[in-house]
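Chains, contacts and geometry: an overview
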Amino acid sequence: MPADRLRVEVQGRTLSLSNLDKVLYPAAGFTKGEVIDYYTRVAPVLLPHLADRALTRIRYPNGVESNSFFEKNAPAATPGWVRTETLPAPGSSKGRETIDYVVADDLPTLVWLANLAALELHTPQWKIGEHPDLMVVDLDPGDPAGLQECCTVAILMRDRLAADGVDAYPKTSGKKGMQLCCPIAATQSADDVSAYARRIAQELEREHPKLIVSKMAKKLRPGKIFIDWSQNNAAKTTVAPYSLRAQAVPSVSTPLTWEEVSAGAAGKRPSARPYTAAEVLDRIDEHGDLLTPLLHGGPPLPR
């Protein structure tokens, strides 16, 4: 075996890891070996959120400062033990009728993906063969608005959804925004979920026109928080909880407590600086998985 490769056993699977000293986050000196270590350690809380979901990866083979590419189809050299699912690919940019998606149900698959420098992991709001069991709204700040304004809007959205019996759980995007994730009954189409999310976003926009915008036009966004209800489109994906992001530092899409969101709305932590991989592992030791309720379903959305 080449000197830059390491053969390891992961839960009974043999993997060949390569270039472990390769720096993937140059500004932080964070290596591929550290990426693999992070995903191995975060796996107990991450894998339940990936289970049974078609996985889209964003790969950075030469690090976050170099070219990247989206990958939906399973690579040609995918091991036979990796679960794949063949699903329709409407609107495929490459004209495919179907895509062989990877499904990351276990630790060996997660380590294999990390070794491919699949830094970012994105999933749809539905499990394979089912209707959506999650509603997600993306809170995207338009400069000079930032995370403080996102937190303010998150609280407004939480309270409005609660009036309909819908629980919301916050996380950072790992970049500059936030997402609210809501467990719902897997009984409604993606179109129905999108329509509901859009209606709530428009309602909040009418009530807070100086703070919130529900339309996608970027010219409308400066100084406001765009509530992106379109994340619930059947073809859309959202960064998974605990996924790394391709930022200067190894930032992570991080679950938050509502106490932290309230503090953020008051201009305190969470700050504009995203949580890093090391910080997130410490947070898991303290809080466990704050998004466990997403795994147990929720009510149907009002029509």
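Up top is the structure.
Residues numbered from 1 in each chain as written. Predicted model: local features only at pLDDT ≥ 70, side-chain atom pairs only at ≥ 80, totals over all residues. Heavy atoms only, no water.

What about the packing of helix α3 (residues 147-163) against helix α5 (residues 258-265)?
Defined as follows: As a rule, the C-alpha atoms of each element are fitted with a line to give its axis, helices using only the stretch in contact, and angles between N-to-C directions run from 0 to 180 degrees. Numbering of helices and strands runs from the N terminus, with a helix taken as a DSSP run of H or I at least four residues long and a strand as a DSSP run of E at least two residues long. Note on angle classes: values under 35 degrees are labelled roughly parallel, values over 145 roughly antiparallel, values of 65 to 115 roughly perpendicular, and the remainder oblique. Helix crossings are classified by the rotation of the near helix relative to the far one: an anticlockwise turn of less than a right angle makes the crossing left-handed, while a clockwise turn makes it right-handed. Here a residue-residue contact requires only that any non-hydrogen atoms of the pair lie within 4.5 Å. Only Asp, Glu, Lys and Arg are considered charged in this grouping, and only Ala, Val, Leu, Ile, Met, Phe, Trp, Tyr, Cys and Pro are considered nonpolar; every other residue, Gly among them, is considered polar.
Where α3 meets α5, the closest approach of the two axes is 7 Å, and the angle between their N-to-C directions is 130°. As summarised for this structure, α3 and α5 are arranged oblique, according to the angle between their axes. The hand of the α3/α5 crossing is left-handed. Packed against α3, whose contacting residues are Gln-148, Cys-151, Thr-152, Ala-154, Ile-155 and Arg-158, the element α5 presents Trp-258, Val-261, Ser-262, Gly-264 and Ala-265 at the interface. The class makeup of the residues in the contact of α3 with α5 is 6 nonpolar, 4 polar and 1 charged.

Concerning empty space enclosed by the protein
Heads up, the rule is: Buried and open spaces are told apart on a 1 Å grid over the protein atoms alone, a cavity being a set of points where a 1.4 Å probe fits but cannot get out and a pocket being an open set with protein on both sides within 12 Å along at least five of seven lines. Residues with an atom within 4 Å of a point are the lining residues. Grid points are joined across faces, edges and corners, and a volume is the space filled by probe spheres set on the points.
Per the stated rule, a full pass over the model turns up 3 cavities of 30 Å³ or more. Looking at the largest cavity, its volume works out to about 150 Å³. If you go around the largest cavity, you meet 15 residues; those closest to its centre are His-49, Thr-123, Leu-134, Pro-241 and Leu-294. Elements represented by at least two residues in the lining of the largest cavity include exactly β10 (134-141) and β15 (238-239).

Thoughts on helix α1 (residues 32-50)
Our working definition: Each helix should span, by expectation, one fewer than its residue count multiplied by 1.5 Å. Throughout, the bend at a residue refers to the angle made by two axes, fitted to the seven residues ending there and to the seven starting there. Three exposure classes are used, based on accessible area relative to the maximum for each residue type with a 1.4 Å probe and protein chains only: buried under 20%, partly exposed in between, and exposed over 50%.
Taking 1.5 Å per residue as the helical rise, α1 with its 19 residues ought to reach 27 Å, whereas the 21 Å between its terminal C-alpha atoms falls clearly short. Taking the largest bend as the criterion, α1 deviates by roughly 75°, centred on Ala-43, and proline Pro-44 comes between one and four positions later. For α1, every residue scored as buried is listed here: Lys-32, Val-35, Ile-36, Tyr-38, Tyr-39, Val-42, Ala-43, Val-45, Leu-46, Leu-47, His-49 and Leu-50. Residues of α1 that are buried in the fold lie against β2 (13-18), β3 (23-25), β4 (30-31), α2 (107-115), β9 (118-123) and α6 (277-287). After α1 finishes, the residue Asp-52 shows a positive phi value of roughly 65°.

Structural notes on α2
Within α2, 9 of the 9 residues are buried, leaving the element largely enclosed by the surrounding structure. Among all positions of α2, only Leu-107, Pro-108, Thr-109, Leu-110, Val-111, Trp-112, Leu-113, Ala-114 and Asn-115 are buried. For α2, the secondary structure elements touched by its buried residues are β1 (5-10), β2, α1, β5 (56-59), β8 (98-102) and β9. After α2 finishes, the residue Ala-117 shows a positive phi value of roughly 60°.

Examining the sheet that holds β15
Here is the rule we go by: At least two DSSP bridges between two strands are needed for those strands to be called paired.
If you trace the 4 strands from one edge of the open sheet to the other, you get β6-β5-β9-β15, paired in antiparallel fashion. Either end of the sheet is taken by a strand with one partner, and the two such strands are β6 (69-71) and β15. Inspection of the sheet shows β9 paired to β15 by 2 bridges, in the antiparallel sense. Each bridged residue has a counterpart across the sheet, and for Thr-123 the counterpart in β15 is Thr-238.

What about the packing of aromatic side chains?
Rules: Ring pairs shown here join Phe, Tyr and Trp side chains whose ring centres sit within 6.5 Å, with only the six-membered ring taken for Trp; geometry is labelled stacked below 30 degrees between planes, edge-to-face above 60, and tilted in between. For a ring to carry a charge above it, either NZ of a lysine or CZ of an arginine must fall within 6 Å of the ring centroid while also lying within 35 degrees of the normal to the ring plane.
All chains considered together, the criterion is met by 2 aromatic pairs. With centroids separated by 5.7 Å and ring planes inclined at 80°, the aromatic side chains of Tyr-25 and Phe-30 adopt a geometry described as edge-to-face. Since its relative accessible area comes to 0%, Tyr-25 is described here as buried. Seen from the ring of Trp-258, Arg-158 lies directly overhead, with NZ or CZ sitting 4.7 Å from the centre. Over the face of the ring belonging to Tyr-275 we find Arg-283, whose NZ or CZ atom lies 4.5 Å from the ring centre.

Considerations on the sheet that holds β10
With mixed pairing, 5 strands are arranged side by side in an open sheet as β11-β12-β10-β14-β13. Each edge of the sheet is formed by a strand with only one pairing partner; in this case those strands are β11 (169-172) and β13 (212-213). Along the sheet face, α3 touches β10, β12 (178-183), β13 and β14 (225-228) and points at about 20° away from the line of β12. Contacts from helix α4 (residues 190-207) reach β10, β13 and β14 within the one sheet, and its direction differs from that of β10 by about 40°.

Concerning the packing of α1 against α6
Between two packed helices, what matters for the description is the angle formed by their axes and the separation of those axes. Two elements in contact, α1 and α6, have axes whose closest approach is 11 Å; the angle formed by their N-to-C orientations is 35°. Handedness of the α1/α6 crossing: left-handed. Contacts from Tyr-38, Arg-41, Val-42 and Val-45 in α1 reach Ala-277, Val-280, Leu-281 and Ile-284 in α6. Here the contact of α1 with α6 is composed, by residue class, of 7 nonpolar, no polar and 1 charged.

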